[in-house]
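# Commentary on secondary and tertiary structure
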Amino acid sequence: MSTKTKTAAQAPDARPELKPEGRLEWRQLLRWLVEDEIIDAEQAQKMEQRFAAGDSSLHPLVRLGSAGLVRKSAGKPLEVEVLTEWLATRAKLPYLRIDPLKVDVGRVSDVMSGSYAEAKRCLPIQVGLTDVTIATSEPFDTSWMAQIESHTRKTIKLVIANPLEIARFTTEFFTLARSVRAAAKAGETNQVASFEQLVELGKSNKALDANDQGVVQVVDWLWQYAFDQRASDIHLEPRREMGVIRFRIDGVLHTVYQLPSAVMSAMTSRIKLLGRMDVVERRRPLDGRIKTRNPAGDEVEMRLSTLPTAFGEKMVMRIFDPDTAVKDLSMLGFSSHDTERWEKLVTQAHGIILVTGPTGSGKTTTLYSTLKRLATDEVNVCTIEDPIEMIEPAFNQTQAQSALDFGFAEGLRALMRQDPDIIMVGEIRDLATAEMAIQAALTGHLVFSTLHTNDAAAAITRLTDLGVAPYLISATVIGVLAQRLVRTLCVNCKQPDPSVTRDSLNEMLKHWRMNGGVKPYKPVGCLDCRNTGYRGRAGLYELLTVSEAVKATLHPEPDISALRRKAMQEGLRPLRLAGAMKIAEGVTTMEEVLRSTPQWEA
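What you see is a predicted model; the values in this text were computed from it and never measured.

### Thoughts on the sheet that holds strand E15 (residues 422-425)
Spatially, 7 strands are ordered E14-E13-E15-E16-E12-E17-E20 in an open sheet, and the strand pairing comes out mixed. Whereas interior strands pair on both sides, the edge strands pair on one side only; in this sheet they are strand E14 (396-399) and strand E20 (534-545). Between one strand and the next, the sheet's axes are offset by a mean angle of 20°, whatever the strand orientation. Pairing analysis gives 10 bridges linking strand E17 (residues 477-489) to E20, with the strands arranged antiparallel. Looking at E20, one finds that Leu485 is bridged to Gly539.

### Observations regarding the sheet that holds strand E10 (residues 299-309)
Reading across the sheet, the 6 strands line up as E8-E7-E6-E11-E10-E9 and stay open at both edges, with antiparallel pairing between neighbours. Both outer strands of the open sheet, strand E8 (252-260) and strand E9 (286-293), are each paired with one neighbouring strand and no more. The mean angle between the axes of side-by-side strands here comes to 20°, regardless of whether they run parallel or antiparallel. Across 8 bridges, E9 lies against E10 in antiparallel orientation. The residue bridging Arg289 from the neighbouring strand is Arg303, located in E10. In the packing of helix H10 (residues 261-274) onto the sheet, the strands contacted are strand E6 (233-237), strand E7 (242-249), E8, E9, E10 and strand E11 (312-320), and the crossing angle to E8 comes to about 110°.

### Considerations on helix H20 (residues 560-569)
Taken residue by residue, H20 has Ile560, Ala562, Leu563, Arg564 and Ala567 as its buried positions. One or two positions beyond H20, positive phi appears at Gly571, with a value near 115°.

### Focus: the side chain of Thr597
As for its position among the elements, Thr597 is in the segment after helix H22 (590-596). Among the polar contacts made by the side chain of Thr597, one reaches the main-chain carbonyl oxygen of Val593 at a distance of 2.7 Å. For Thr597, the residues in contact, after removing those within four places along its chain, are Leu540, Leu575 and Arg576.

### Considering the nonpolar core
Counting 88 residues, the largest nonpolar core has Ile245 and Phe247 as the members making the most contacts within it. For this core, the element with the most residues is helix H9 (residues 213-228), which contributes 9 residues. The contact partners of Phe247, leaving out residues within four places of it in the chain, are Leu101, Leu222, Tyr225, Ala226, Gln229, Ala231, Asp233, Ile234, Val252, Leu253, His254 and Val256. If you look at the next biggest cluster of nonpolar residues, it comprises 56 residues, including Ile423, Val486, Leu572 and Trp600.

### Some thoughts on the packing of helix H8 (residues 163-185) against H9
Running from amino to carboxyl end, H8 crosses H9 at an angle of 140°, the nearest separation of the two axes being 8 Å. When you trace H8 past H9, the crossing you get is left-handed. On the side of H8, the interface is formed by Arg168, Leu176, Ser179, Val180, Ala182 and Ala183, while H9 contributes Gly214, Val215, Gln217, Val218, Trp221 and Asp228. Class assignment of the residues belonging to the contact of H8 with H9 gives a composition of 7 nonpolar, 3 polar and 2 charged.

### Observations concerning the packing of aromatic side chains
All chains considered together, the criterion is met by 9 aromatic pairs. Seen from their ring centres, Trp26 and Phe51 are 5.1 Å apart, and the 85° between their planes marks the pair as edge-to-face. Here Trp26, found in helix H1 (residues 26-35), pairs with Phe51, found in helix H2 (residues 41-52); they are 25 residues apart in sequence, far enough to count as distant. The residues Trp26 and Phe51 share a single accessibility class, namely buried. Site record: aromatic cluster; members linked through ring pairs are Trp221, Tyr225, Phe247 and Tyr257. Lying across the ring of Tyr534, Arg487 places its NZ or CZ 4.2 Å from the centre. Above the face of the Tyr521 ring, Lys494 is positioned so that its terminal group lies 4.6 Å from the ring centre.

Quick notes on the rules
- Residues numbered from 1 in each chain as written.
- Predicted model: local features only at pLDDT ≥ 70, side-chain atom pairs only at ≥ 80, totals over all residues.
- Heavy atoms only, no water.
- Pairing = 2+ DSSP bridges.
- Helix = DSSP H or I, 4+ residues; strand = E, 2+ residues; numbered from the N terminus.
- Axes fitted to C-alpha atoms, helices over the stretch in contact; angles between N-to-C directions.
- Contact = heavy atoms within 4.5 Å.
- Buried < 20%, exposed > 50% of the residue type's maximum accessible area, 1.4 Å probe, protein only.
- Polar contact = N/O pair within 3.5 Å; in protein donor to acceptor, adjacent residues only side chain to side chain.
- Core = buried A, V, L, I, M, F, W, Y, C linked by side-chain atoms within 4.5 Å.
- Left-handed = near helix turned anticlockwise from the far one by under 90°.
- Nonpolar A, V, L, I, M, F, W, Y, C, P; charged D, E, K, R; others polar.
- Phe/Tyr/Trp six-rings, centres within 6.5 Å; stacked < 30°, edge-to-face > 60°.
- Lys NZ or Arg CZ within 6 Å of the ring centre and 35° of its normal.

In structure tokens form, the structure reads like this:
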């Protein structure tokens, strides 16, 4: 749980002990603001005259925060968050900004009912063995605490939070809890698909209905919540007794919720139904696709994948940002140096361009962003993918079907008869696909594809390992782009890091030297980045262009060391150097770069 605490002991002045009781009142808050020299008496008088004409059901902090009050010393607006933090100091209680991913949502309703929480303007945040943390926007209305302590048999730890956040999350969390309870009561899951089956006598074996209203509401919440939290993947993982929901955010998995196995099984069935997948088939992996809308109303595509596990079907939903395919290269993280070289490369009339990197390194985003810009009315862009990652109207996209003996090689052969100008092959996995890609390049087509290699030069050895002759590689491959994704520092909380210098960066690079200025930052952590210090990701790129000089290193057999040295002379900047430049610019950290990039071997 992320807390930001300020107590009276930390305050520069000692004020008399406050022992008010009951609900907050806007007049009292104005008097306190004047006492603390936050606002002047003139501002307070104007507010009193303005508010005296009528009453409001709004929380006093919300009312004052939207009234346009300005801090006397700095002239900055006193918004609701600022006023809440000030009140926490006044009340000598910890101040907390609620991070929904760190709230024990599954146990919120065990502490109190939704109507009780709304009435008392409070929200349970964490439930421990001996205590429960409750956020409140009424720090002096504590008459309810004894009742809750008696009910839970736990000590209450009170914190102050923004009343707007408390109201919002109270509605969301208790609505979710009601939906989960309703779904769980509808029946119990059929465990036929479970490897380790537990037989319990006297219990119903009725399977939950995927269309049950409780299940529908939980699935709707799951998607909207994932969009709101910027998740790239949603994992539904069955366990022996409780299923686990996890989100991948900025490349890191976060546990979001635990719920009964029966509910998770019904959720999986519901999602399979919407994705037009075989709901009955649970013995083999399945793939599907769903298109929905995010809270902003934009269409979002999700790719679905199921896998049989010991305790049922595991499902992963990959979320594709609708803006991903139209991002500018600079937004993806390309430096101006590599942008110019990449632009020149992709405008070639024919040849093979490879994008390499491990799974989840952003290869698809780079390819789609590039192809989207190349797909004008004058050219025919065709793809053969497995599966189709994102639907793009500007392309002619084909799905490989291994069950129908229609793989990448067969798809490429068919595309050759479709009068293409630009072809994208999802991945070169075997010699047959590589040979078809080479044939397409030799006959005047521009071919894009991917490989799983550590760096750009290794793509050449990967093709020779598949059985491609070196002379064919030099005749067709015109460029290789290796890439990685690194987490970027949160702009709201990052701080300068004097421990990182140009010398330390040069030591990390070994064979390279940094010459420009160095302005490194370090992660700190705040609510916006969930106390990780990072928010968002950026790409690191290593672009090898196969010039005549580089081609000379491929005969009669590829010499990778010579190839790397020659490529370096031709303008290649290795992944680790690209990372060092991001460190020097204050975009990411040395730890992120060292974790994500291979050591350069010349």
